[in-house]
Amino acid sequence: MSERQRANVAPATRGSEPRRRIPSVDTLLRSDPARRASELFGRAVVKRTLTRTLDDVRGAAERGLPVPSDDVILARAIGLASFAANGLSSVINATGVVLHTGLGRSPLPGPAAGTAAKVATGYSDLELDRETGARGRRSARAEILLTALTRADDALVVNNGAAAVLLALSALARGRHVLVSRGELIEIGGEFRIPEIVAASGARMVEVGTTNRTRVGDFRAALSDKTAAILKVHPSNYRVIGFTAEPTARELAALARKADVPFVYDLGSGLLERVHGIPSGEPNAVDALRDGADLVLFSGDKLLGGPQAGIVLGRPDLVTRLRRHPIARAVRVDKMQVSALEAVLAMYATERRADLPVWRMLREPAEAIHRRAEKLARALDGELSGARVTSCSSAVGGGSLPGFAIPSYGVEVRSRDPNAMAARLRTGSPPVFCRVTERGVLFDLRTVDGEELPDLARAIQYAREGDEFVDDDG
Ligand SMILES: *Cc1c(COP(=O)(O)O)cnc(C)c1O
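Because the structure is a prediction, the values reported are computed rather than measured. (Residues numbered from 1 in each chain as written. Predicted model: local features only at pLDDT ≥ 70, side-chain atom pairs only at ≥ 80, totals over all residues. Heavy atoms only, no water.)

Caption draft 1: Representation of the environment of Leu167. Its location among the elements puts Leu167 in helix α8 (residues 161–173). For Leu167, a relative accessible area of 0% corresponds to the buried category. For the pair Leu167 and Arg323, spaced 156 residues apart in sequence, the C-alpha separation works out to 8.9 Å. Beyond its immediate sequence surroundings of up to four residues, Leu167 is in contact with Leu156, Val158, Leu322, His325, Ile327 and Ala328. (Helix = DSSP H or I, 4+ residues; strand = E, 2+ residues; numbered from the N terminus. Buried < 20%, exposed > 50% of the residue type's maximum accessible area, 1.4 Å probe, protein only. Contact = heavy atoms within 4.5 Å.)

Caption draft 2: Region of the structure containing the pattern of salt bridges. Scanning the model with the defined rule gives 24 salt bridges in all. Note that Arg315 and Asp317 form a salt bridge whose closest N and O atoms lie 2.9 Å from each other. Overall, the relative accessible area of 32% leaves Arg315 in the partly exposed class. Judged by its relative accessible area of 41%, Asp317 falls in the partly exposed class. The shortest N-O distance in the salt bridge between Asp444 and Arg435 comes to 2.8 Å. Arg435 sits in the partly exposed class, given a relative accessible area of 25%. Connected through shared salt-bridge partners, Glu127, Arg135, Arg138 and Arg332 make up one network. (Salt bridge = Lys/Arg side-chain N within 4 Å of Asp/Glu carboxyl O.)

Caption draft 3: Spotlight on the confidence of the model for the protein. Chain-level pLDDT for the protein is 91 on average; 93% of the residues reach the 70-or-more range. In the predicted structure, residues 1–16 sits below a pLDDT of 50 and forms 13 contacts with residues beyond four places in sequence or in another chain. (pLDDT = per-residue confidence, 0-100.)

Caption draft 4: Quick look at the sheet that holds strand β5 (residues 204–208). The strand order across the open sheet formed by 7 strands is β3-β9-β8-β7-β6-β4-β5, and the pairing between neighbours is mixed. Of all the strands in the sheet, the pair left with one neighbour each is β3 (154–158) and β5. Between one strand axis and the next, the sheet turns by 25° as a mean value, whatever way the strands run. Each of β3, β4 (177–181), β6 (227–233), β7 (263–268), β8 (295–299) and β9 (310–314) is contacted by α8, which is oriented at about 155° to β8, the strand it contacts most. Here helix α13 (residues 316–324) sits on the sheet in contact with β3, β8 and β9, set at roughly 25° to β3. (Pairing = 2+ DSSP bridges. Axes fitted to C-alpha atoms, helices over the stretch in contact; angles between N-to-C directions.)

Caption draft 5: Main features of the site of the ligand. The environment of the ligand is made up of 14 residues, and the closest members are Ala162, Ser236, Asp266, Ser299 and Lys302. At a separation of 3.4 Å, an oxygen atom of the ligand approaches a polar side-chain atom of Asn160. Residue Asp266 places a side-chain N or O atom 2.6 Å away from a nitrogen atom belonging to the ligand. If you list the elements that add at least two residues to the shell around the ligand, you get α8 and β7. A breakdown of the residues in the shell around the ligand according to their chemical character gives 5 nonpolar, 6 polar and 3 charged. (Near = heavy atom within 4 Å. Polar contact = N/O pair within 3.5 Å; in protein donor to acceptor, adjacent residues only side chain to side chain. Nonpolar A, V, L, I, M, F, W, Y, C, P; charged D, E, K, R; others polar.)

Caption draft 6: Examining unusual backbone geometry more closely. Cis geometry is adopted by the peptide bond preceding Pro430, which originates at Ser429 and carries an omega value of -5°. On the secondary structure map, Pro430 appears in the loop between α18 (418–426) and β12 (432–433). You will see that Arg151, though not glycine, has its phi angle at about 60°, which is positive. Topologically, Arg151 is positioned in the loop between α7 (140–150) and β3. With a phi close to 60°, Asp260 is a non-glycine residue in the positive phi region. With respect to the helices and strands, the residue Asp260 is situated in the loop between α11 (249–259) and β7.

Listed below in structure tokens is the structure:
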């Protein structure tokens, strides 16, 4: 690069100031703020975040941006160290999205979290049979509960839904063909895409039909002696509407039985059985098994309302193949997960599903939410300062029931710069996640507990102080 080009892309000097040198990690580490931070968060952590921050500063300087002052660099690095060292924060979810993957999906019922914590702080009979002293399986109890609740012949619990899909395809179809409808080649967010997970299992995906219309005859035509499984995937987070067709689970099960290949059904969200008030289009494990699915797969922390887990139900010979596959060990559940799952399944077994936080939130009538919204608006001084109760609609989220809106109520707070206000809320204490509207920010109270209202009101007041809208026309 010539001197002239350098001057063009990188204005290294501002006025006549020469560009500041980038300080060294060690120099900054010896400063008072870094020493204090090292005591709080650990020297290695502060050193690491300083290195990272200085790497960013160097990159920015190469692109011509000025080098910030030492104080600014230190503040950034210490902020990052504190973020890492303080760990996860509890937040208030005022988005109205009940199963919000970014906010940790399903909140656990208190007793389930309590049992998990108790198991985790001591020893447990995780894999030992108390009668015989012999080695057992960690998910043995959950398997009994799952088979009892769904009438499945066998069950297996792994780390999460994606692991269940990967394990099933690896164990049943490695090196052979898996038939999937083109209408179900979904991405559910994150890195989970059906074509990629099939490829990762070592199976070859054979696409069947078209995006909007696939018939059972298309599957029949695609069968060959290389076919190892037929896979059906619930398109969890979108809907194809209009001129559409998909073979039913029953049709695919019949075809698979005739061809003597397993029919694997990835339900995604994990409704155990049909629930009154939930659209019948949302599949459930009991119906899927009754329709003839050989393996049914779903997540523990979506509509089931439990901890992160991947649940496999179905034919004992197939479940055994999965259980014995090396990947099963690589994706096994942790003791806290399995203990919380047992507690949640026990609630289903004793007809206490309605007590699960997810189901309480999904089922709460709009009038009850309206009362909470009025309480919040009152705490925010009502109409004068631009806070008003409004109807809105909540979403299930978590890749469940796309397009299914639940009538709800919230409080809208007007703001000149809604995005800036939402950012202040996210970084406040407690952090609050809400929706941004054209006029301001909206707090949907379906996902906010009554006990959280005082904290929420305080966080909103605080975030509003930076907003010029306060006490404006209203
Ligand atoms: C959510 C989902 C998965 C992945 O489950 P995780 O528990 O998130 O790993 C797989 N398939 C479908 C259809 C899903 O909706």
